[in-house]
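# Survey of secondary and tertiary structure
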Amino acid sequence: MASDQLLAGSDAIHIATVLEDCVDQLSVLGKIMPSSYDGRPDAYSMVHSQMTELFDSQRDLESRYQSILAKKLDLKHSTRNAEKLTEMEKEVLETGGDLKNSTHVFTRSVRQNPLTGDNTVKIQDDRLFVEGVMAETLSELIQNCTFQVLREAVNTQKERKAQLLETILKEENGRKRVKLLQKQLGDIKKEKEKEIQERNEMIAHLKDQLQEMKAKTNMEGKYIKKCAEVGVAQTQKKCSISEKDMKDEIEKLRHGIDEEIRCNAEIESFLRTHQTELERKVDFWMEKYEKDVEAKQHELDVLKASKAKDLEKLQELTKLYREYEQVVVEDRIEKEKTRRKQEQEAIELKASIKVQSWWRGVMVRKGYGPYAKKKKGKKGKKGKKGKKKK
């Protein structure tokens, strides 16, 4: 693991230079940042100008998105070129993503108050955290050519994010549990109401039977008066006992209903209090998550800018290397031309020497030029003339 994190000397120096510059800039930024904008005379004008810029950019993105959608619809009706439709679809998706991000930033900016000191304090805390991590990473890079502190800081933030997501998941499960309990409570309440209704119907039915028995005894006459009186008394006694039992049961059920209602109210109060606390915690952690994401995005932008500078420097060095390489190639070509020219001249000189040698041989053999044979005819004529004179 340590060998994977160990950097080369030049890479460690480059990264240490960038981190040192970042630490200095963060330190200067922490000293020049105000504690809060609240109370400044130009605070509201600054907020007004920023909100105006946000509104204008949001309107521009919305109008751009609407125009791109209109172009897409026109293109669908006017052409069947799949490439154009694909390009237009990509443009719509990109513009929609920009509009979504801009809307998120706009709502967050509207929801927060830039005049309070909370935002500045949070920015200062995040700046101090980033500055500390970068300073420790710089020290580790200088001493060991590693960046374990930076990895540990990133892993710690990832763990905090995971804990936040776990808290959100628990809160969602709690909400589902509350809904399930509320549903069960409603079912129990309906069941109890139905049971009370059945008891009331039974009481009404018993009262009807009592009235029927009274009417029947009145119609039977004096003959069976005593028997009827005994039967009625017995029936009344039974009915009174049954009615008393029913009333006791009704009272008991009413008491149980009151107890259930009280328990339900207490449970609802407890769940509402717990839900409010969880919502407050969720808002706090969501806000912290957004701010941490912004800080990491800023750090990523800084690293991207550093990477762009290093890439630009690499491109310049590559260009310089190509120029030097072109000069070397041209010099080699020139030397090769000179060598070939010298070889050609040597070949031509050798050939000319051979031609001259061959021509001298021809002149010697044929007797041309200075190698021609001398004529002897003139001497013979002079000798003949001398003889004649004698």
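Throughout what follows, the structure given in this document is the object of discussion. (Residues numbered from 1 in each chain as written. Predicted model: local features only at pLDDT ≥ 70, side-chain atom pairs only at ≥ 80, totals over all residues. Heavy atoms only, no water.)

## So, the packing of aromatic side chains
- Within this structure, the stated rule accounts for 2 aromatic pairs.
- Aromatic side chains Phe 284 and Trp 285 sit 5.3 Å apart centroid to centroid with 75° between the ring planes, which places their arrangement in the edge-to-face category.
- Taking the relative accessible area as the measure of exposure, Phe 284 reaches 48% and is therefore partly exposed.
- Residue classification places Trp 285 among the partly exposed positions, given a relative accessible area of 32%.
- Between Trp 358 and Trp 359, the ring centres sit 6.2 Å apart and the planes meet at 45°, which makes this aromatic pair tilted. (Phe/Tyr/Trp six-rings, centres within 6.5 Å; stacked < 30°, edge-to-face > 60°. Buried < 20%, exposed > 50% of the residue type's maximum accessible area, 1.4 Å probe, protein only.)

## Notes on the environment of Ile 188
- Residue position: Ile 188 is located in helix H6 (residues 148-220).
- A relative accessible area of 38% places Ile 188 in the partly exposed class.
- Here the alpha-carbon distance between Ile 188 and Glu 260, two residues 72 residues apart in the chain, equals 9.3 Å. (Helix = DSSP H or I, 4+ residues; strand = E, 2+ residues; numbered from the N terminus.)

## Section: the nonpolar core
- Counting residues in hydrophobic clusters, the biggest one holds 9 residues: Ala 16, Leu 19, Cys 22, Val 23, Leu 26, Val 130, Met 134, Leu 138 and Leu 141.
- Among the secondary structure elements, those contributing two or more residues to this core are helix H2 (9-32) and helix H5 (117-144).
- For this core, the element with the highest residue contribution is H2, accounting for 5 residues. (Core = buried A, V, L, I, M, F, W, Y, C linked by side-chain atoms within 4.5 Å.)

## Quick notes on the environment of Thr 235
- Mapped onto the elements, Thr 235 comes out in helix H7 (residues 225-366).
- Spatially, the C-alpha atom of Thr 235 lies 8.1 Å from that of Leu 210, the residues being 25 residues apart in sequence.

## Comments concerning a negative patch on the surface
- On the surface, a cluster of negative charge is made up of Glu 83, Glu 87, Glu 91, Glu 94 and Asp 98.
- Position of Glu 94 among the secondary structure elements: in helix H4 (residues 82-111).
- By relative accessible area, Glu 94 is classed as exposed at 54%. (Patch = residues over 30% accessible without salt bridge, like charges linked within 9 Å, V, L, I, M, F, W, Y side chains within 5 Å. Areas by Shrake-Rupley, 256 points an atom, 1.4 Å probe, with all protein chains shown as cover. Salt bridge = Lys/Arg side-chain N within 4 Å of Asp/Glu carboxyl O. Lys, Arg positive; Asp, Glu negative; His and termini not counted. Charge placed at Lys NZ, Arg CZ, Asp CG, Glu CD.)

## Re the pattern of salt bridges
- The full count for this structure, using the stated rule, is 16 salt bridges.
- Put simply, Lys 291 and Glu 287 hold a salt bridge, and the shortest N to O gap is 3.1 Å. You can see Lys 291 and its partner Glu 287 sitting in helix H7, 4 residues apart, about one turn around the helix.
- With a relative accessible area of 12%, Lys 291 lands in the buried category.
- On the basis of relative accessible area, Glu 287 is assigned to the partly exposed category, the value being 35%.
- Between Glu 336 and Arg 340 there is a salt bridge whose closest N-O contact spans 3.2 Å. One end of the pair is Glu 336 and the other is Arg 340, both in helix H7 and 4 residues apart, which spans about a single turn.
- A relative accessible area of 54% places Arg 340 in the exposed class.

## Focus on H6
- For H6, built from 73 residues, the straight-helix expectation of 108 Å at 1.5 Å per residue is met to within 8% by its first-to-last C-alpha distance of 107 Å.
- Of the residues making up H6, those classed as buried are Ala 153, Gln 157, Leu 164, Ile 168, Glu 171, Val 178, Ile 203 and Thr 217. (Expected span 1.5 Å × (residues − 1).)

## A closer look at a nonpolar patch on the surface
- Together, Val 355, Trp 358, Trp 359 and Tyr 368 make up a nonpolar patch on the protein surface, roughly 470 Å² of accessible area in all.
- Looking at the element boundaries, Val 355 is found in helix H7.

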